[in-house]
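# Architecture at a glance
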Amino acid sequence: MSSSVRVRFAPSPTGYLHIGGARTALFNWLFARHHGGTFILRIEDTDTARNSQAAVDVILQGLRWLGMDWDEGPVNGDATGPSKGDRGTYFQSQRGDLYRKRVNELRDKGLAYERDGALYFRMTREPITIPDLIVGDVVRPLTDREEQDPDWVLWRSDGQPVFHFVNVVDDLEMGMTHVIRGEDHLSNTAKHIALFRAFGVEPPRYAHIPLILNEDGSKMSKRDRGAVVTNYLDDGFTPEAVVNYLSLLGWSPTDGQELLGVAELVSRFDLDRVNRSPARFDAKKLEALHFEHTRRMDPDRFVALGVDYLRNGGIETTGFPADYVRAALLTAQEKGKLFKELPVWTDFYFAANDAVTFDPEAKAKVLTPTARPLLEKLAAAFASVPEFKSAALEAALKALATELGVKAGALVQPCRVACTGKLVGPSLYHLLEVLGRERVTRRLARAGE
């Protein structure tokens, strides 16, 4: 396929970016990047009662977070701002003159006429075949009602053009070669094809991708888990994991591999591997992909993101040495936690004056009178370690357990709770090394009081 491929994502800014819309954008973006083509962002904002500037900003933020850069479209959220390319504004609300010109063209051809104050399109009376790259050829026969009157409104009596008209005009004017969109639009496509032909232009190639359903097979709404893209950002998913997961909702590579980076997705993606059956949202699979992508993330980027999420969680790291902050956060990288969980997972590193906040259940269960003398002995054993490193600390703890005739766990859990306040967390010996001799000594002593 040549580099003349032109595809678009055309959301309506009505409040949020739905996961289905993000998946549609991704398939278009991957298709354009795979074929060296052009990906256009177009804002379909003619519904003035529901659209808002804040919703436009949410869409742009979501696409940028996911890494889907567009070649043409709004540079900012401002409808009057500059756009790349030379095809005019990419906000429908700014394209009224073009729509009026095109509707007058249909009137001049006798293909549009007025009825009850509205303008109607004189629809063909023959069934239309939709050649779809995913679904296959679909014949759209006329219904009984349409046999009597198949014509449909182009321009409402309130002076506003309808979606089907402006959608086709924009695709025509912007030179779309392919339209990749949700299967729910398939029923409208016959109208669009007829309108393209009325303008004397062959329609673009259509590809209708399967819907995304909930795990139970029901249709996903904005209230369902995973439906709103900004929630993934708030929850601390890595954008690579979300892109990877979205790509697998209705598409799969030939070898069945699921852990794929963006470059691999671009290299492998094409429409011939898109499934026809609906895709079901699987939260556990997304979390598993997040875990794998997090483990493979560049450490510097992991730390930078971690610092941001700690700040959002009320933990300020600026008072600690940068090397200490880095080492502390990296003990959590292999755990694959969501970034929003990092404050709870690592807060003990940043406790002011080593005043660890104890989980009441952990303290009652582990820091018992029996454990206190063990902590004293452990503190002494750690004090004699020449280098305060994880391997040496592990050896010292196990040697003490052998000397005392107890299992290592009898020392491990009291030590963990004394130093972190929790029963679970990063690897014990690594977190002890990061905390350092002085902090560990103070915390063991306080817990033993």
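Everything discussed here concerns the structure shown above.
For clarity, every value in this text was computed on a predicted model and none was experimentally measured.

### Concerning the sheet that holds strand E7 (residues 152-155)
Across the sheet, three strands lie side by side as E3-E4-E7; this open sheet has antiparallel pairing. The sheet terminates laterally at strand E3 (112-115) and E7, the two strands that pair on one side only. Along the sheet, successive strands turn relative to each other by an average axial angle of 50 degrees, direction set aside. Summarising the sheet, strand E4 (residues 118-121) and E7 pair through three bridges and their orientation is antiparallel. Within E7, the residue paired with Phe121 across the bridge is Trp152.

### Concerning the environment of Val406
Within the secondary structure layout, Val406 lies in the loop between helix H16 (390-404) and helix H17 (409-420). Residues Val406 and Gly306 lie 100 residues apart in sequence; the distance between their C-alpha atoms is 38 Å.

### Let's talk about the side chain of His192
Residue placement: His192 occurs in helix H6 (residues 189-198). The exposure class of His192 is buried, given its relative accessible area of 0%. Separated by 3.0 Å, the side chains of His192 and His164 make a polar contact. Among all residues touching His192, those that are not within four sequence positions of it are Phe163, His164, Asn167, Val168, Arg181 and Tyr206.

### Focus on the packing of helix H3 (residues 96-108) against helix H5 (residues 163-173)
For the pair H3 and H5, the least separation of the axes is 10 Å and the interaxial angle reads 100 degrees. As judged from the angle between their axes, H3 and H5 are roughly perpendicular. Counting all contacts with H3, which are made through Leu98, Tyr99, Arg102, Val103 and Leu106, the residues of H5 involved are Phe165, Val166, Val169, Asp170, Leu172 and Glu173. Here the contact of H3 with H5 is built from residues that sort into eight nonpolar, no polar and three charged.

Conventions used here
- Residues numbered from 1 in each chain as written.
- Predicted model: local features only at pLDDT ≥ 70, side-chain atom pairs only at ≥ 80, totals over all residues.
- Heavy atoms only, no water.
- Pairing = 2+ DSSP bridges.
- Helix = DSSP H or I, 4+ residues; strand = E, 2+ residues; numbered from the N terminus.
- Axes fitted to C-alpha atoms, helices over the stretch in contact; angles between N-to-C directions.
- Buried < 20%, exposed > 50% of the residue type's maximum accessible area, 1.4 Å probe, protein only.
- Polar contact = N/O pair within 3.5 Å; in protein donor to acceptor, adjacent residues only side chain to side chain.
- Contact = heavy atoms within 4.5 Å.
- Parallel < 35°, antiparallel > 145°, perpendicular 65-115°, else oblique.
- Nonpolar A, V, L, I, M, F, W, Y, C, P; charged D, E, K, R; others polar.

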